[in-house]
Amino acid sequence: MGIITIERKVLEKNDELATQIRNKFKDNNTFVINIVSSPGSGKTSILERTIEVLKSKIKLAVIEGDVQTDFDAKRVEKYNVPVVQIVTNGGCHLDAKLVKDALENIDLKGIKFLVIENVGNLVCPAGYDLGEDYKVVVLSTTEGDDKPLKYPKMFINSSILIINKIDLLPYVNCNVKELRENALKINPNLKIFETSCTTGEGIKEWCSWILENIKD
Ligand code: MG
Ligand code: ZN
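Fair warning: this is a prediction, and the values are worked out from it, not measured in the lab.

### Details of helix 8 (residues 203-213)
Looking at helix 8, one finds that the buried residues are I203, W206, C207, W209, I210 and N213. Viewed end-on, helix 8 has its buried residues packed into an arc of 150°, placing them on one side of the element. For helix 8, exposure combined with an orientation more than 90 degrees from the buried face picks out K204 and E212. Buried-residue contacts for helix 8 involve strand 1 (31-36), helix 2 (43-54), strand 4 (113-117), strand 5 (134-140), strand 6 (160-164) and strand 7 (191-194).

Right, dumping it as structure tokens:
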């Protein structure tokens, strides 16, 4: 029983901080997404393809969350966009405090689009508001079509679903029609994109959606 109370307090404190951060983003007209998924679904690859398309159009920045290493921040750095790596040292999700601290190392002025790449984990990142406009859940076809039913909270709390690695469909046991149905059963409001970072399919549509959301 005690554990439940403590967890609630932690989340209340997190929500308070997230509201502060959200107001900061609003004041600055920064559109913010929080990308969540299990490890290896292709979050960083999607981010790389996205940066390639958007870099010349808008000013953007990235916060990378990882349990260990700055590999992903190094991948993003190659594109000459501002990036901060948060290493959680075993922590399985980002929280608003970590994001708040990371923001001290980013000059938000003029930044129209901020991507927070969360720690790879389909469970607890669902419960932590980071002040983002939208949670974007990435699911790769290699993970199968049943994941929305097995990890419903993540799909309930996300607004966007990216089905990634669609180029692998001929080789994996994943029925996209069923995956879509399962996801929409859990959250009928989900907006769904299908992408491949190898062929580039769907990246244009995804980036157009981002541009539609950019605030003046
Ligand atoms: Mg990554
Ligand atoms: Zn966690």
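### Overview of the coordination of the zinc ion (ligand 2)
Coordination of the zinc ion (ligand 2) by the protein comes from C92 (SG), H93 (ND1) and C124 (SG), over a distance range of 2.0 to 2.2 Å. Linear spacing of the donor residues for the zinc ion (ligand 2) on their chain is C-H-x30-C. Placement of C92 in the loop between strand 3 (83-87) and helix 4 (96-103) and of C124 in the loop between strand 4 and strand 5 is noted, with a sequence separation of 32 residues between them.

### A few points about the layout of surface pockets
Considered as a void within the structure, the largest pocket measures approximately 180 Å³ in volume. What lines the largest pocket is a set of 16 residues, and nearest its centre among them are P39, G40, K43, D72 and E117. Grouping the constituent residues of the lining of the largest pocket by class yields three nonpolar, seven polar and six charged.

### Observations concerning the pairing of strand 6
Judged by how many residues are buried, strand 6 sits mostly within the fold: five of five residues are covered. Because side chains alternate across strand 6, one face comprises the buried residues I160, I162 and N164, and the other comprises L161 and I163, equally buried. In terms of strand pairing, strand 5 meets strand 6 through five bridges, oriented parallel. Within the sheet, the bridge partner assigned to S140 lies in strand 6 and is N164. Two elements, strand 6 and strand 7, share four bridges in a ladder whose sense is parallel. Residue L161 lies in a different strand from strand 7, and its bridge partner there is I192. Handedness of the β-α-β unit built from strand 6, helix 7 (residues 176-186) and strand 7 comes out right-handed.

### Let's talk about the coordination of the magnesium ion (ligand 1)
Those donors, T44 (OG1), D72 (OD) and E117 (OE), are the protein atoms that reach the magnesium ion (ligand 1), and they lie 2.0 to 2.1 Å from it. Mapping the donors of the magnesium ion (ligand 1) onto the primary sequence yields the spacing T-x27-D-x44-E. Linking T44 in helix 2 with D72 in helix 3 (residues 71-77), this pair joins segments that are 28 residues apart in sequence. Assessed through its relative accessible area of 13%, D72 is described here as buried.

### Comments concerning the side chain of N14
Structurally, the position occupied by N14 is in helix 1 (residues 2-27). Discounting residues that sit within four places of it in the chain, N14 has contacts with D95, A96, Y128 and D129.

About the cut-offs
Residues numbered from 1 in each chain as written. Chains lettered and ligands numbered in written order. Predicted model: local features only at pLDDT ≥ 70, side-chain atom pairs only at ≥ 80, totals over all residues. Heavy atoms only, no water. Buried < 20%, exposed > 50% of the residue type's maximum accessible area, 1.4 Å probe, protein only. Helix = DSSP H or I, 4+ residues; strand = E, 2+ residues; numbered from the N terminus. Arc of directions from axis to C-beta. Contact = heavy atoms within 4.5 Å. Donors = N, O, S within 2.8 Å, 3.2 Å for Na, K, Ca; no water. 1 Å grid on protein atoms, 1.4 Å probe; cavity = no way out; pocket = protein on both sides within 12 Å on 5 of 7 lines; lining within 4 Å. Points joined across faces, edges and corners; volume = space filled by probe spheres on them. Nonpolar A, V, L, I, M, F, W, Y, C, P; charged D, E, K, R; others polar. Pairing = 2+ DSSP bridges. Right-handed = clockwise from strand over helix to strand, strands pointing away.

Interpretation note: all reported values are geometric properties and have no functional meaning in isolation.
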